[in-house]
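Chain residues, written in single-letter form:
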Amino acid sequence: MSPTSVPPKHWEADVLLKDGSTAHIRPVRPDDADLMVDFYSRVSDRSKYYRFFSPMPTLSERDVARFTQVDHDARVALVVLLRGEMIAVGRYDVVAAGEAEVAFLVQDEHHGRGIAQVLLEHLAQAGRERGIERFTAEVLPDNVAMIGTFREAGYRVVSEYDDGVLSLEFPIDSTDTAIGVMRGREHQAEAASIHRFFNPRSVAVIGASRRQDTIGQALVRNLVLGDFTGRVYVVNPSADAVSGMPAYKAVGDIPDKVDVAIVAVPAESVTDVVLDCASKGVHGLVVISSGFAESGEEGRQRQRKLVGLSRSYGLRLVGPNALGLVNTDPAVSLNASLAGLLPPRGRAGFFCQSGALGSAILEKVNARGLGLSTFVSAGNRADVSGNDLLQYWEEDDSTEVVMMYLESIGNPRKFSRIARRVSLRKPIVAVRSGRTTQGVPMGHAVRKIGAPPEAVDAMFRQAGVIQVDGLEDMFDVAQLLAHQPLPRGRRVAIVGNSDALGLLAADAAAAVGLVVNKQVALDAEPTPEDFEDALDAAIDDPEVDSVVAVYIPPLNVGGEYIANVLAAVGEQSDKPLVSSFLGAQGVPELLRVPDVAGSTAGRGSVPSYPAVESAVRALAKVVEYAVWLRTPDGPPPKSEAVDPGAARALLGRVLHKHPDGALLEAEDLATLLGAYGIDLWPAHPVSTLKEAEVAGKDLGWDVVLKATAEPLRERPDLVHVQRSIGSVAEMKEAWGTLTRLVGKSSSAGYVVQKSAPPGVPIAVRSLEDPLFGPVVSFGISGPMTELLGDRSYRIPPLSDRDAMSMVREVRSSPMLFGYRGSDTVDVAAVEQLILRVSQLQHDLPQVASLDLSLVLAGVESLTVLSAAARVEPVTDPRSDWFVRKLPDHPGDTIPQ
């Protein structure tokens, strides 16, 4: 059997189609013969003619063998399956070096669902992995749909018409345009799948019960009492009626269509329900039932089977072990959850995972008067995830603020990409549990994160996500974002009738990076007119970007008149106004502005905080987001001084010689870095004093002698380096000193280098993380950086803004900018080095790690003195970057 007779595992995946339903794509197999014949029998004569250019009503045995028996190299074929049936096939056949002919056939009833587009994406990725550079296709001119599939894929298509046939040719390299088209389709499909959950015309509760205090009874009650505008059906095989509604024995017995099914049956019965719902044509499942991955190994296997079965029948799944979902839109009014209290209409969408936590969140929302547009508690998050919700909320006009409580992140790189795009349109406020411990709740199957927790925090900042420490902080920030405009800068005015609280506010502002430009102390019993004049003056001041109002009433005074002033000023102000009013939390009734859209509190309502420090912290978080939003950010810069092809060829040779991976030798390391315009300061390995003397003479002396073996090169006292060697005598003395220190010179890894220009030592590192993909870090080199964790992180590709921020956000960055009278280094060169390391790591997933551990940043020079890199084979070359696929089933991943 040849190495290519077995296709790579990652060529098989669940995919989401244009309408939001699922299907399964995989390489064809010899035992697919019967499926292929059955599939072909359901394809129209017209579609067959378009495919083969002649009448071909049936497939001969030879045809079936040709279509199902491929080598997965020169001949590759992928099939799309739904409900156990083949509904489409796509293939390519190599016709010349680097060139293959591609063709598709899709069952007619599934035309218009984007299946050919998905097949083209996956075939192109398979072709790239097999060294194919371009596809060709022959299409009849009136096959408009197939021509459109090729032309709309983002590739540069060249066409030629000859003898009644249109010949198309296009390179399949993953250009920015092609990736953009793919991601646009991904967004459309994922948003469509969530839209089906939030806007059903009919809901069936499977497991509805007549007994009070049961989950099934609560689900029915919440749907009905929540005034759901669609139809509610109940399914209970042992009852004739539930809550006054007729009960059906099975979903299939319901006479009308069912859009969403809420499942509350024992875990072992859920798979049977999936089959019934699939037969009925249900679009989505909300599985409330527990007893899955959160319960142990048996439950994990049950959950894996549930997800695989659901997707194979075209169904998306919320849960299992979910609280449910809510849509407060009056046109829908859907409470498909166990929460008895439907939250008021608002501007915020909320995603969480824990069901118990979801109930507490809804109670807090009601207590604060915040209001929600939509809410999802996804439980074990086996299928529908926060990424899907972000795709939906990006286009949802009812949602202006996104709140997320994340207990795990299944695909952080995709989250970062989507969140970065969404944050440009609407703010995302997130709490991430387990930030320190990297813990994951039972039931959440995710792969192990190799990057440090600081890298995850950096990913959030890079994407513009407002990360907070807890739920209270989340609500503090969200109520400000939902009701007040964004600030233009960090300058704050404090207006209040308490000197003590005013000072607390000023101290809190200074602690979080805000600048107090104006502080107005009113009388203990200010009149409404005094308060209004002070607020108006602060808001009209061009040196003020936001206002903090503090009001503590004197004895026996209610504060209604001051509340009217705050509400009136907040409604008219184009600058954010926050308050600590009577110690209230949320948006008190007195401070609310009526909303024509029906929300609890309209734009201009003034949020209140029980402690003025909370108000200031929330404001600071919003200021950081506003600064991020207004800072220009262009595309990743592309340098002409790089040669990725040469680097890939080098790594190919190294991995051919070392199939399990290896540390790069000095010559190969210099070649790799040189391909990206990074010059490695030459180092001459020596094992004897005589060799050291020769190396020193060859370099013209003024050299250093180093011991580079672990752990010597990490010595904080730098005794492993002997400097300013300029003669045979000095080299002999340096050799003796180092030998007395390290013992055997043969194991010390001695090198001789020319003395480098002076500079500040910095370190730039990168790694390939199994979840993130590439990660880049920067810091001042030395033991204090390691001890204090003073490093900045980013996820490539990086923009100029990212590189600038990485340099400046480390606490020791003043050393680069003239600290205590020293010279300012060439910061632009440092940023350029970061960008080139980022591009290298982004281009080459085979680079498991790269460590430029000692780089001297000088006034006019940048010298890379020490570097190391490890390369490893890549089994899945980041295929999910270039094709649409749903996450693997739970059980295929490694628990963290």
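Thresholds applied
Residues numbered from 1 in each chain as written. Predicted model: local features only at pLDDT ≥ 70, side-chain atom pairs only at ≥ 80, totals over all residues. Heavy atoms only, no water. Helix = DSSP H or I, 4+ residues; strand = E, 2+ residues; numbered from the N terminus. Rg over C-alpha atoms; globule rule 2.2 N^0.38 Å. Buried < 20%, exposed > 50% of the residue type's maximum accessible area, 1.4 Å probe, protein only. Contact = heavy atoms within 4.5 Å. Phe/Tyr/Trp six-rings, centres within 6.5 Å; stacked < 30°, edge-to-face > 60°. Lys NZ or Arg CZ within 6 Å of the ring centre and 35° of its normal. Pairing = 2+ DSSP bridges. Axes fitted to C-alpha atoms, helices over the stretch in contact; angles between N-to-C directions. Core = buried A, V, L, I, M, F, W, Y, C linked by side-chain atoms within 4.5 Å. Polar contact = N/O pair within 3.5 Å; in protein donor to acceptor, adjacent residues only side chain to side chain. Parallel < 35°, antiparallel > 145°, perpendicular 65-115°, else oblique. Left-handed = near helix turned anticlockwise from the far one by under 90°. Patch = residues over 30% accessible without salt bridge, like charges linked within 9 Å, V, L, I, M, F, W, Y side chains within 5 Å. Areas by Shrake-Rupley, 256 points an atom, 1.4 Å probe, with all protein chains shown as cover. Salt bridge = Lys/Arg side-chain N within 4 Å of Asp/Glu carboxyl O. Lys, Arg positive; Asp, Glu negative; His and termini not counted. Charge placed at Lys NZ, Arg CZ, Asp CG, Glu CD. pLDDT = per-residue confidence, 0-100.

## Focus: the overall build of the protein
Thought 1: Tallying secondary structure elements over the protein gives 25 helices and 36 strands in all.
Thought 2: On C-alpha atoms alone, the protein measures out to a radius of gyration of 32 Å, which is about the 29 Å that the 2.2 N^0.38 rule sets for 896 residues.
Thought 3: Viewed in the frame of its principal axes, the protein has a C-alpha envelope of about 100 × 95 × 55 Å.
Thought 4: The buried share of the protein, reckoned over its 896 residues, is 55%.

## Quick notes on the environment of isoleucine 418
Thought 1: Here isoleucine 418 shows up in helix α12 (residues 412-423).
Thought 2: Classification of isoleucine 418 by relative accessible area gives buried; the value is 0%.
Thought 3: Measuring from C-alpha to C-alpha, the distance between isoleucine 418 and glutamate 394 comes to 9.1 Å, with 24 residues separating the pair along the chain.
Thought 4: Leaving out residues up to four positions away in the same chain, isoleucine 418 has contacts with Asn387, Leu390 and Gln391.

## Quick look at the packing of aromatic side chains
Thought 1: What the rule picks out here adds up to 17 aromatic pairs.
Thought 2: Look at phenylalanine 198 and tyrosine 392: their rings are 5.2 Å apart centre to centre, the planes differ by 45°, and that puts the pair in the tilted class. Of this pair, phenylalanine 198 sits in helix α6 (residues 176-198) while tyrosine 392 sits in helix α11 (residues 386-395), and the two are 194 residues apart along the sequence.
Thought 3: An angle of 80° between the planes, with centres 5.9 Å apart, marks the rings of phenylalanine 531 and tyrosine 551 as edge-to-face. One end of the pair, phenylalanine 531, is in helix α16 (residues 528-540); the other, tyrosine 551, is in strand β25 (residues 546-551), with 20 residues separating them in the sequence. The pair formed by phenylalanine 531 and tyrosine 551 is uniform in burial state, with each residue classed as buried.
Thought 4: Cluster of aromatic residues (ring-pair linked, three or more members): Tyr92, Phe104, Phe135, Phe150, Tyr155 and Phe170.
Thought 5: Lying over the aromatic face of phenylalanine 460, arginine 432 brings its terminal NZ or CZ to 5.6 Å of the ring centre.

## Details of the sheet that holds strand β6 (residues 134-139)
Thought 1: Strand order across the open sheet formed by eight strands is β1-β2-β3-β4-β5-β6-β8-β7, with mixed pairing between neighbours. Strand pairing shows two members of the sheet lacking a second neighbour, β1 (13-16) and β7 (158-162), which therefore form its edges. The average undirected angle you get between the axes of adjacent strands in this sheet is 25°.

## Overview of unusual backbone geometry
Thought 1: Of note, the bond from glycine 319 into proline 320 is cis; its omega dihedral lies within 30 degrees of zero at -5°.
Thought 2: Mapped onto the elements of the fold, proline 320 is located in the loop between β15 (316-318) and β16 (324-327).
Thought 3: Of note, the amide linkage connecting proline 796 to proline 797 takes the cis form, showing an omega dihedral of 5°.
Thought 4: For proline 797, the location among the structural elements is in the loop between β34 (792-794) and α24 (800-809).
Thought 5: The backbone phi angle of arginine 381 is positive, close to 50°, even though this residue is not glycine.
Thought 6: Within the fold, arginine 381 resides in the loop between β19 (372-377) and α11.
Thought 7: Given the relative accessible area of 12%, arginine 381 is considered buried.

## Considerations on the nonpolar core
Thought 1: Core analysis: the largest hydrophobic core is formed by 58 residues, its most contacted members being Leu223, Leu325, Leu390, Met404, Phe415 and Phe460.
Thought 2: For this core, the element with the most residues is helix α13 (residues 453-462), which contributes five residues.
Thought 3: By size, the runner-up hydrophobic cluster in this structure holds 49 residues, among which are Cys352, Leu480, Val492 and Ala508.

## Let's talk about α13
Thought 1: Within α13, seven of the 10 residues are buried, which leaves it mostly tucked inside the rest of the structure.
Thought 2: Residues of α13 that are buried include every one of Ala455, Val456, Asp457, Ala458, Met459, Phe460 and Gln462, and no others.

## So, the environment of threonine 374
Thought 1: With respect to the secondary-structure elements, threonine 374 resides in strand β19.
Thought 2: Each C-alpha atom, one on threonine 374 and one on phenylalanine 351, is 8.6 Å from the other, the two residues being 23 residues apart in sequence.
Thought 3: Leave out the neighbours within four places in its chain, and threonine 374 touches Phe198, Val326, Asn327, Ala348, Gly349, Phe350, Trp393 and Thr399.
Thought 4: Polar contacts involving the side chain of threonine 374 include one to the side chain of serine 373, which spans 3.4 Å.
Thought 5: A polar contact is formed between the side chain of threonine 374 and the side chain of tryptophan 393, at a distance of 2.7 Å.

## Side note on the packing of helix α19 (residues 644-657) against helix α20 (residues 666-674)
Thought 1: Remark: α19 packs on α20, axes separated minimally by 9 Å, with the N-to-C direction vectors making an angle of 155°. Comparing the axis directions of α19 and α20 gives the class roughly antiparallel. Once α19 is placed against α20, the crossing between them reads as left-handed. Residues Ala647, Leu650 and Val654 of α19 form the contact with α20, whose own contacting residues are Asp668, Thr671 and Leu672.

## Observations concerning the pairing of strand β3 (residues 75-82)
Thought 1: Most of β3 is tucked away: seven of the eight residues are buried.
Thought 2: Note that strand β2 (residues 22-27) and β3 share four bridges and pair antiparallel. Pairing of isoleucine 25 across the sheet is with valine 80, part of β3.
Thought 3: Here β3 runs beside strand β4 (residues 85-96); their pairing, made up of eight bridges, is antiparallel. Across the sheet, leucine 82 pairs through a bridge with glutamate 85, a residue of β4.

## Here we look at a nonpolar patch on the surface
Thought 1: A cluster of nonpolar side chains, contributed by Met784, Leu787 and Leu788, occupies part of the molecular surface with about 350 Å² of accessible area.
Thought 2: Counting through the fold element by element, leucine 787 comes out in helix α23 (residues 783-788).

## Concerning the side chain of aspartate 457
Thought 1: Mapped onto the elements, aspartate 457 comes out in helix α13.
Thought 2: Taking relative accessible area as the criterion, aspartate 457 reaches 14% and is therefore assigned buried.
Thought 3: Here glutamine 467 takes part through its side chain, which lies 3.2 Å from a polar atom of the side chain of aspartate 457.

## Some points on a negative patch on the surface
Thought 1: A cluster of acidic residues, Asp523, Glu525, Glu529, Asp530, Glu532 and Asp533, forms a negative patch on the protein surface.
Thought 2: One can find glutamate 525 in the loop between β24 (515-521) and α16.

## Brief notes about the environment of lysine 744
Thought 1: With respect to the helices and strands, lysine 744 occurs in the loop between α22 (728-742) and β31 (750-754).
Thought 2: Along the backbone, lysine 744 and serine 209 are 535 residues apart, and their C-alpha atoms lie at a distance of 80 Å.

## Considerations on the confidence of the model for the protein
It should be kept in mind that the predicted coordinates are not to be read in detail where pLDDT is low.
Thought 1: When pLDDT is averaged along the protein, the result is 91; 93% of the residues meet or exceed 70.
Thought 2: Contacts for the low-pLDDT stretch residues 890-896, under 50 throughout, to residues beyond four places or in other chains number 22 contacts.

## A closer look at the pattern of salt bridges
Pairing between side chains of opposite charge can happen when the charged atoms of each approach one another.
Thought 1: Scanning the entire structure with this criterion turns up 43 salt bridges.
Thought 2: The closest approach of N and O atoms between aspartate 32 and arginine 26, which form a salt bridge, is 2.8 Å.
Thought 3: When the shortest N-O distance is used, the salt bridge between arginine 490 and glutamate 624 registers 2.6 Å. Taken as a pair, arginine 490 in the loop between α14 (471-483) and β23 (491-496) and glutamate 624 in helix α18 (residues 612-630) lie far apart in primary sequence, 134 residues in all.
Thought 4: The class for arginine 490 is partly exposed, based on a relative accessible area of 29%.
Thought 5: Through salt bridges that share partners, Asp14, Arg311, Arg316, Asp383 and Asp388 make up one connected network.

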